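Inside the fold
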Amino acid sequence: MRATQTEIEAAVDALRDGDLVAFPTETVYGLGANASDPEAVGKVFALKQRPVNHPLIVHIDDMRFLKRWVSELPPKAEQLAKAFWPGPLTLILPKAPQVLDLVTGGQKSVAIRIPSHPMARQLLDAFGGGIAAPSANRFGRISATRPEHVREEFGDAVRVILDGGESQVGLESTIVSCLESTPRVLRPGAVTLTQLRKLVGDVEMGPSEDSPRAPGSLASHYAPLTPLTLVPDAELDQMATELSAGGQRIAVLAQRMPKDIGPLITWINAGRRPLAFAHDLYANLRALDSAGCERILVQDVPAEETWSSIRDRLRRAAAR
Ligand code: TXA
Ligand code: MG
């Protein structure tokens, strides 16, 4: 899905004026600012209500712009970049001296991604600079995968919202830190550990003691307002039925149809295919969160790698 020239010009004007632009990527929607304009980047933190020690990802159009942002591209990082960019991978790399502290949270590293969504590419190409963009949601809440989610989160506070339809992947990018000799996954995503290891050999999973901060890794994140519980398949129908018999309205996100449920239960069958489940996950959680229920029960997902990024987000959504 491509934007018109007029839409892209309006978005580029906003970025050049130091205003915010929401734009689609293949993972989730981003809330973007000119990464070289400290006041504009400040607006992202203010609007998201995000603590300033939580760094942002700089989105660029092409690897030839990397040297503006990073001081060094280790060989394994280069292999990963060439294999997976444009795409749902973010690399943590040593930062170039001029990168704003506000973007990096004062760290010596910077997060970089080249997204593949055609509209993101149009925007980056026309703008020419880096776009600092977190997911387009309020801090700690559910990411936006559709333009209407961005409007729900921010109303008219974002000058331009580019409508690129539904994000294809539906979950945030895989983040890989390339600061140590062995690359390390800080956030699982569509690019899997198996794919990474196939390309560069050893890859560590999860943050180390001296890993840079990644707020996507806070225990409680991506959370609906309604309390959410992960429930094993075998207990799901009975638990929903018992709670609803006690007068609670219950929302369920499952991978199958219900067996026999009461009238106070809202049930979404998101199916057994992990790619489709991920694509719809945040839209489904938003729908269930606004269904007026006291509890959200989510059927626990298979312990297979294809479900690992979904499991990660559901665990965080359940933590509070
Ligand atoms: O798919 C995505 O990555 C989306 C789209 C818009 O690109 N963006 C996104 O941004 O998910 P955000 O801000 O919600 O998550 C970015 C993550 C945060 O957990 C942040 O801490 C981490 O990237 N991060 C950014 N810079 C970092 C750095 N220098 N070191 C370690 N982690 C960093
Ligand atoms: Mg986020």
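Please refer to the structure placed before this passage.
Residues numbered from 1 in each chain as written. Chains lettered and ligands numbered in written order. Predicted model: local features only at pLDDT ≥ 70, side-chain atom pairs only at ≥ 80, totals over all residues. Heavy atoms only, no water.

**Things to note about the overall build of the protein**
Here is the rule: Helix and strand assignments follow DSSP, with helices taken as H or I runs no shorter than four residues and strands as E runs no shorter than two, numbered in order from the N terminus. The size measure is the radius of gyration over C-alpha atoms, and the globule rule it meets is 2.2 Å times the number of residues to the 0.38 power. The rule is simple: take the accessible area with a 1.4 Å probe, protein chains only, and divide by the maximum for that residue type; under 20% is buried, over 50% is exposed, in between is partly exposed. Any two residues whose heavy atoms approach within 4.5 Å are treated as being in contact.
What the protein contains, in helices and strands, is 11 helices and 14 strands. Its C-alpha atoms give the protein a radius of gyration of 20 Å, within 12% of the compact-globule value 20 Å for 320 residues. Along the three orthogonal principal directions, the C-alpha set of the protein runs to about 60 × 45 × 35 Å. Looking at the protein residue by residue over its 320 residues, the buried ones come to 57%. By sequence separation, contacts in the protein at least 24 residues apart represent 68% of the contacts at least 6 residues apart.

**Some points on helix 10 (residues 274–289)**
Formally: For a helix, the expected span equals 1.5 Å multiplied by the residue count minus one. At any given residue, the bend is defined as the angle formed between two axes, one fitted to the seven residues that end at that position and one fitted to the seven that begin there.
In a regular helix each residue adds 1.5 Å, so 16 residues correspond to 22 Å; helix 10 covers 21 Å between its end C-alpha atoms and thus fits that length. Of all the bends in helix 10, the greatest, near 50°, is centred on Leu281. Taken as a whole, helix 10 has its buried residues at Pro274, Phe277, Ala278, Leu281, Tyr282, Ala283, Asn284, Leu285, Arg286, Leu288 and Asp289. If you follow the buried residues of helix 10, they end up packed against helix 7 (147–154), strand 11 (228–231), strand 12 (250–254), strand 13 (265–269), strand 14 (295–299) and helix 11 (308–318).

**Considerations on the pattern of salt bridges**
What counts, and what does not: By definition, a salt bridge exists where a carboxyl oxygen of Asp or Glu is found within 4 Å of a side-chain nitrogen of Lys or Arg.
The full count for this structure, using the stated rule, is 18 salt bridges. Between Asp62 and Arg64 there is a salt bridge, and its shortest N-O distance comes to 3.4 Å. The residue Asp312 makes a salt bridge to Arg313 at a minimum N-O spacing of 2.8 Å. Asp312 sits in the buried class, given a relative accessible area of 13%. Overall, the relative accessible area of 1% leaves Arg313 in the buried class. Several salt bridges converge on common partners, so that one network encompasses Asp17, Asp19, Lys43 and Arg159.

**A word on the layout of surface pockets**
Where we set the bar: The distinction between a cavity and a pocket rests on a 1 Å grid over the protein atoms alone: a 1.4 Å probe fits inside a cavity but cannot get out, while a pocket stays open yet meets protein on both sides within 12 Å along at least five of seven lines, and a residue with an atom within 4 Å of a point counts as lining. Grid points are joined across faces, edges and corners, and a volume is the space filled by probe spheres set on the points. Residues are sorted three ways: Asp, Glu, Lys and Arg are charged, Ala, Val, Leu, Ile, Met, Phe, Trp, Tyr, Cys and Pro are nonpolar, and all the rest, Gly among them, are polar.
Space inside the largest pocket adds up to approximately 400 Å³. Surrounding the largest pocket, 21 residues form its lining, Gly189, Ala190, Thr192, Thr306 and Ser309 being those nearest its centre. For the lining of the largest pocket, the secondary-structure elements that each account for two or more residues are helix 8 (193–200), helix 10 and helix 11. Its residues assigned to classes, the lining of the largest pocket shows 13 nonpolar, seven polar and one charged.

**Some details on helix 8**
Helical periodicity: at 3.6 residues per turn, an α-helix aligns residues three or four positions apart in one direction. What counts is decided by this rule: Our arc is simply the arc of the directions from the helix axis toward the C-beta atoms.
When helix 8 is considered as a whole, its buried residues turn out to be Leu193, Leu196 and Val200. The buried side chains of helix 8 occupy one side of the element, clustering within an arc of 65° when seen end-on. In this structure, the buried residues of helix 8 make contact with helix 4 (75–84), strand 4 (89–94), strand 8 (174–177), strand 9 (184–187) and strand 10 (204–205). Two residues or fewer after helix 8 comes Gly201, characterised by a positive phi angle close to 80°.

**What about the sheet that holds strand 7 (residues 160–161)?**
Short version of the rule: By the convention used here, strands pair only if DSSP detects at least 2 bridges between them.
Here we have 10 strands laid out as an open sheet, ordered 7-1-2-6-3-5-4-8-9-10, and mixed in their pairing. What marks the edges here is a single partner per strand, and that holds for strand 7 and strand 10. As paired elements, strand 4 and strand 8 share four bridges and run parallel to each other. Directly across from Thr90, in strand 8, lies its bridge partner Ile175.

**So, the pairing of strand 2 (residues 30–34)**
Of all five residues in strand 2, five are buried; the element is thus mostly enclosed. As paired elements, strand 1 (residues 21–23) and strand 2 share three bridges and run antiparallel to each other. Counted as the bridge partner of Ala22 is Leu31 from strand 2. Counting the residues in the hairpin turn of strand 1 and strand 2 gives six residues. The pairing of strand 2 with strand 6 (residues 131–132) spans two bridges and is antiparallel. Across the sheet, the residue bridging to Asn34 is Ile131, located in strand 6.

**Examining the packing of helix 1 (residues 5–16) against helix 6 (residues 118–127)**
To keep it simple, the criterion reads: Under this scheme, a helix contributes an axis fitted over its contacting stretch, all axes are lines through C-alpha atoms, and angles between N-to-C directions fall in the 0 to 180 degree range. Angle categories: roughly parallel below 35 degrees, roughly antiparallel above 145, roughly perpendicular from 65 to 115, and oblique for all the rest. The crossing is said to be left-handed when, going from far helix to near helix, the turn is anticlockwise and less than a right angle, and right-handed when the turn is clockwise.
Relative to each other, helix 1 and helix 6 sit at 55°, their axes nearing to 10 Å. Relative to helix 6, helix 1 is oriented oblique. Of the two possible hands of crossing, helix 1 and helix 6 adopt the one that is right-handed. Between helix 1 and helix 6, the residues in contact are Ile8, Ala11, Val12, Leu15 and Arg16 and Met119, Gln122, Leu123, Ala126 and Phe127, respectively. Across the contact of helix 1 with helix 6, the residue classes tally to eight nonpolar, one polar and one charged.

**Here we look at the side chain of Arg50**
The criterion, for reference: The positive count covers Lys and Arg only, the negative count covers Asp and Glu only, and His and the chain ends enter neither. Nitrogen and oxygen atoms within 3.5 Å of one another constitute a polar contact, given that in protein one can donate a hydrogen and the other can accept it, and given that sequence-neighbouring residues count only through two side-chain atoms.
Within the secondary structure, Arg50 is located in the loop between helix 2 (38–48) and strand 3 (57–59). Of the side chains with opposite charge, Glu172 lies nearest to the buried Arg50, which makes no salt bridge, at 9.5 Å. Side-chain polar atoms of Arg50 contact the backbone oxygen of His54, separated by 3.2 Å. Looking at Arg50, its side chain comes within polar contact range of the main-chain oxygen of Pro55, at 2.6 Å.

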